[in-house]
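If you want the building blocks of each chain, they are given just below.
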Amino acid sequence: MSGTSDLHLPAGTAASGPYLLDVSPATAGWAYSSLRVLRLAPGGSHTYAAGDSEWIVLPLAGGCEVTADGETFALTGRRDVFAGVSDFAYVPRRAEVTVTSAGGGRFALAGARCERRLPARYGPAGGVPVELRGAGVCSRQVNNFAAAGVFAADRLIAVEVLTPGGNWSSYPPHKHDASRPGEESRLEEVYYFEIADSPAGTPGAGYQRVSPSGHGPGSDVLAEVRGGDAVLIPDGWHGPAMAAPGHDMYYLNVMAGPDPDRAWLIQDHPDHAWLRDTWRDTPVDPRLPLYGTPAPQGEETDR
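Residues numbered from 1 in each chain as written. Predicted model: local features only at pLDDT ≥ 70, side-chain atom pairs only at ≥ 80, totals over all residues. Heavy atoms only, no water.

Asks: How would you sum up the side chain of Asp-268? Please name residues and give values.
Replies: Looking at where Asp-268 falls in the secondary structure, it is placed in strand β24 (residues 267-268). With relative accessibility at 15%, the residue Asp-268 sits in the buried group. In this structure the side chain of Asp-268 is engaged in a polar contact, spanning 2.6 Å, whose partner is the side chain of Arg-276. Aside from chain neighbours lying at most four places away, what touches Asp-268 is Pro-172, Pro-173, His-174, Trp-237, Ala-273 and Arg-276. (Helix = DSSP H or I, 4+ residues; strand = E, 2+ residues; numbered from the N terminus. Buried < 20%, exposed > 50% of the residue type's maximum accessible area, 1.4 Å probe, protein only. Polar contact = N/O pair within 3.5 Å; in protein donor to acceptor, adjacent residues only side chain to side chain. Contact = heavy atoms within 4.5 Å.)

Asks: I'd like a description of the packing of aromatic side chains, backed by residues and values.
Replies: Under the counting rule described, the total for this entry stands at 8 aromatic pairs. Between Tyr-90 and Phe-151, the aromatic rings sit 6.1 Å apart at their centres with planes inclined by 55°, giving tilted as the arrangement. Here Tyr-90, found in strand β7 (residues 88-91), pairs with Phe-151, found in the loop between β12 (140-146) and β13 (157-163); they are 61 residues apart in sequence, far enough to count as distant. Exposure remark for Tyr-90: the relative accessible area of 0% places this residue in the buried category. The class for Phe-151 is buried, based on a relative accessible area of 11%. Geometry around Tyr-90 places Arg-121 over its ring, the cationic atom sitting 4.5 Å from the centre. (Phe/Tyr/Trp six-rings, centres within 6.5 Å; stacked < 30°, edge-to-face > 60°. Lys NZ or Arg CZ within 6 Å of the ring centre and 35° of its normal.)

Asks: Talk me through unusual backbone geometry; I want residue IDs and the actual numbers.
Replies: Residues Gly-239 and Pro-240 are joined by a peptide bond in cis, for which omega reads 5°. Summarising the element assignment, Pro-240 is placed in strand β22 (residues 237-243). Although it is not a glycine, Arg-94 adopts a positive phi angle of roughly 65°. By relative accessible area, Arg-94 is classed as exposed at 55%. Its identity as a non-glycine residue notwithstanding, Ser-170 has a phi of 50°, on the positive side. If you trace the backbone, Ser-170 turns up in the loop between β14 (168-169) and β15 (174-175).

Asks: Quick one: what's the story with the side chain of Ser-185, residue by residue and with numbers?
Replies: Mapped onto the fold, Ser-185 is located in strand β17 (residues 184-186). Among the polar contacts made by the side chain of Ser-185, one reaches the main-chain carbonyl oxygen of Ala-263 at a distance of 2.9 Å. When near neighbours in sequence (up to four residues on either side) are disregarded, Ser-185 contacts His-176, Asp-177, Ala-178, Asp-259, Ala-263, Trp-264 and Leu-265.

Structural data, given as structure tokens:
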């Protein structure tokens, strides 16, 4: 699995049943990470078996109720991914999960094969750390709702990234495809994209680059991405993700891997890591944050 046709999934090409997108270890050809995008009509309901994976139900548009292990969590959700941070629900492996929405909407089901069975629980929107990373035209916003060290899970790591139109994110290019304790994690990753329309309502696009790192099968992608597209990253340098001018870009990152520690450790591409030094005297894009209250700007810029 190394070519663009294998790794870039245009909207609708990986749909299955009620899912607008259905990426599993079996369909991706890897071992851990899953992502489904569930669409529910007003009053709609969907039940699925968690199986050997832990899951987070994250509203993309609309609100819902999530029932698992005898508990029900009411998720307020949001109008869309550009309107605000969302609350979410975590459900454990071997649970039966029901998602119901009175008003309808779209809901991301981010999953990871795991061993431990943690309790089902609610993640409030107010508890999601909002961080600004990079500077200048490399500025972006990261909603660390299920980052390692922020929200407890066995293997699953998931964050949201918002990039103002015209900016680059996931830059400098970085990778996490080798197990090097304390230095780099081995993580399979899914990028799921939504692109804001222009003020006139014109659909937008962005671009995603993945290049071979010397580990794994040599993933190589240069794709125009639109709302509902996904890009699979089993290995390789990934970045930049480029937002076209006039169109803010959102992507949901879902990651999991075999390392014993649930950690998000990356290696910068050696040809581009110098860029970090140029950000020290460059302000963050004044359009950020798009919403939320950011934590102090971090030095790390791995998204």
